[in-house]
Amino acid sequence: MGRPRAFDEDDAVRAAAGLFAARGYEGTSVDDLVGTLGVHRGSLYKVFGSKRGLYLAALRRHLDEDVLPLTAAIAVADGLPAALAQAAAAYDSAPAAGLLLLAAAERAAADPDTAALVDEGLTALERALAAVLAADGAAAAPPGLAQALAATVLGVRLRSRAAGGRPGAEAVLALAAHLLR
Amino acid sequence: MARLSVADGTLIVEVEGLDKLWALRSRLEIPLANVRGATADPGIVHESKGLRLGGTSLPGVITAGTFRSAGEWVFWDVHNPAGAIVIQLADERYSRLVIEVADPRAAVALVEEAMRAAGAAS
């Protein structure tokens, strides 16, 4: 009680998010975290409870600092093409780029708390695209179009990771143009 | 080696075999509400254990018993680092338990599942 923490919690969570994004949950050991974060093992356990506790804090931070500000910007984008280009280029972006998609693939099925955070991030993208569709006056847009476009954005993001970061906005734009014709 | 089980909202740690002698304890019972998490952590054995206050410490062979480190009480029972897990506690005499289990992945899952169930029940 009352002992001052010998490290900046926010810095530690940010560094952990980058490490988890690069190596995944299973691939990141406590040794890795202690070494990279520059905190004592005892402090890490005292503040976060477990590796999982730190991981959830890192994913929460990735949502708050990276994902949700971007989806908020997408929601007020000037038209669907601009929104999709922005989403395809930057959704789930730096500094912990890829953490959300990795969490969805690696941890969400096994961990309900991770699943809830992943769902929050994905739903934010769907809502942002739905808002843009509505603002575009696309009353005739088929139901579920925002979800389908969001899923395409995720697929393009994943594909571009495999292709060394080559942006893939054209694919999303082509799909949107086709659907809204 | 220790064995974990869960009954009636309590995490039970049973120290097995001769480790009862080395650690001077055979059983710990922790209400799940006081369990903050569990982590597989083979690397922790290379850290300073602090001051031994009851138990046994033969570096590289066994660390068992009660240690005091950085103002915290820590319970150890580890021979083989590969099986070491860390259970972080709150409002208990021990701040954390560092114990060796047969299957670290399964033990961590057991604790996390029990914490979830206890959290959902309360």
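What counts and what doesn't
- Per chain, the residues get numbers from 1 upward, laid out in the order the sequence is written.
- Both sets of labels track the order of writing: A upward for chains, 1 upward for ligands.
- Given that this is a predicted model, residues contribute local features only at a pLDDT of at least 70 and side-chain atom pairs are listed and counted only at 80 or more, while totals for whole chains, interfaces and linings are drawn from all residues.
- With hydrogens and water excluded, all non-hydrogen atoms of the structure serve as input to the side-chain values.
- Salt bridges are defined as contacts in which a side-chain nitrogen from Lys or Arg sits within 4 Å of a carboxyl oxygen from Asp or Glu.
- Numbering of helices and strands runs from the N terminus; a helix is a DSSP stretch of H or I covering at least four residues, while a strand is a stretch of E covering at least two.
- By definition, two strands form a pair when at least two bridges between them are found by DSSP.
- Simply put, an axis is a line fit to the C-alpha atoms, just over the touching stretch for a helix, and the angle between two N-to-C directions goes from 0 to 180 degrees.
- Note on contacts: a residue pair qualifies if any of its non-hydrogen atoms lie within 4.5 Å across the two residues.
- As a per-residue measure, pLDDT reflects the predictor's confidence and takes values from 0 up to 100.
- Pairs were defined over the aromatic rings of Phe, Tyr and Trp, the Trp ring being its six-membered one, requiring ring centres within 6.5 Å. Orientation was assigned from the angle between planes: stacked under 30 degrees, edge-to-face over 60, tilted for the rest.
- Relative accessibility under 20% of the residue-type maximum defines a buried residue, over 50% an exposed one, and the middle range a partly exposed one, all with a 1.4 Å probe and only protein chains included.
- Working rule for angles: under 35 degrees goes down as roughly parallel, over 145 as roughly antiparallel, 65 to 115 as roughly perpendicular, anything else as oblique.
- By definition, turning the near helix anticlockwise from the far helix through less than a right angle yields a left-handed crossing, and turning it clockwise yields a right-handed one.
- Each residue is assigned to one of three groups, with Ala, Val, Leu, Ile, Met, Phe, Trp, Tyr, Cys and Pro labelled nonpolar, Asp, Glu, Lys and Arg labelled charged, and all others, Gly among them, labelled polar.

Enquirer: Describe in detail the pattern of salt bridges, supporting the description with residues and values.
Expert: This model, assessed by the stated rule, comprises 20 salt bridges over all chains. A salt bridge links E26(A) to R105(B); the shortest N-O distance between them is 3.4 Å. Of this pair, E26(A) sits in the loop between α1 (9–23) and α2 (30–37) while R105(B) sits in helix α2 (residues 104–121), which puts the two residues in different chains.

Enquirer: Run through the sheet that holds strand β2 (residues 10–15) of chain B, naming residues and quoting values.
Expert: Residue and element names in this part refer to chain B. With respect to topology, 3 strands assemble into an open sheet ordered β1-β2-β3, the strand pairing being antiparallel. The open sheet has two free edges, formed respectively by β1 (2–7) and β3 (27–31), since each of these has just one partner strand. Put simply, the sheet's adjacent strands are angled 20° from each other on average, direction ignored. With 6 bridges joining them, β1 and β2 adopt antiparallel strand pairing. Paired with L4 across the strands is V13, a residue of β2. Together, β1 and β2 form the strand contacts of α2, whose direction differs from that of β1 by roughly 20°.

Enquirer: Which residues make up the confidence of the model for chain B, and what are the values?
Expert: The pLDDT averaged across chain B works out to 92; a share of 99% of its residues lies at or above 70. Among the scores for the predicted complex, ipTM is 0.93 and pTM is 0.91.

Enquirer: Hey, could you go over the interface of chain A and chain B for me, with residue numbers and the actual values?
Expert: Reports of interface size often rely on the accessible area that becomes lost once the parts have come together. Chain A puts 18 residues into the contact, and the matching count from chain B is 17 residues. Where chain A touches chain B, the interface holds 5 salt bridges. Looking at the side of chain A that touches chain B element by element, the count peaks at 6 residues for helix α3 (residues 41–48) of chain A.

Enquirer: Residues and numbers for the packing of aromatic side chains, please.
Expert: All names here are of chain A. On inspection of all chains with the given rule, the structure shows 4 aromatic pairs over all chains. Centroid distance F20 to Y55: 4.9 Å. Interplanar angle 90°. Geometry classified as edge-to-face. Within this pair, whereas F20 is found in helix α1, its partner Y55 is found in helix α4 (residues 51–75), the two being separated by 35 residues in sequence. The pair F20 / Y55 is uniform in exposure class, with both members buried.

Enquirer: Lay out the packing of helix α7 (residues 112–135) of chain A against helix α8 (residues 145–162) of chain A in plain terms, naming residues and giving numbers.
Expert: All names here are of chain A. Where α7 meets α8, the closest approach of the two axes is 8 Å, and the angle between their N-to-C directions is 125°. As far as their axial angle goes, α8 and α7 are oblique. Handedness of the α7/α8 crossing: right-handed. Across the interface between the two elements, L122, L125, E126, L129, A130 and L133 from α7 touch L145, A146, Q147, L149, A150, V153 and L154 from α8. Residues belonging to the contact of α7 with α8 are distributed by class as follows: 11 nonpolar, 1 polar and 1 charged.

Enquirer: Account for unusual backbone geometry, naming residues and giving values.
Expert: Negative phi is the rule for most residues except glycine; trans is the rule for most peptide bonds. All names here are of chain B. Although it is not a glycine, D8 sits at a positive phi angle of roughly 50°. With respect to the secondary-structure elements, D8 resides in the loop between β1 and β2. Judged by relative accessible area, D8 falls into the exposed class, the value being 80%. We note that D91 has phi near 55°; this positive angle belongs to a residue other than glycine. Its location among the elements puts D91 in the loop between β8 (84–89) and β9 (96–100).

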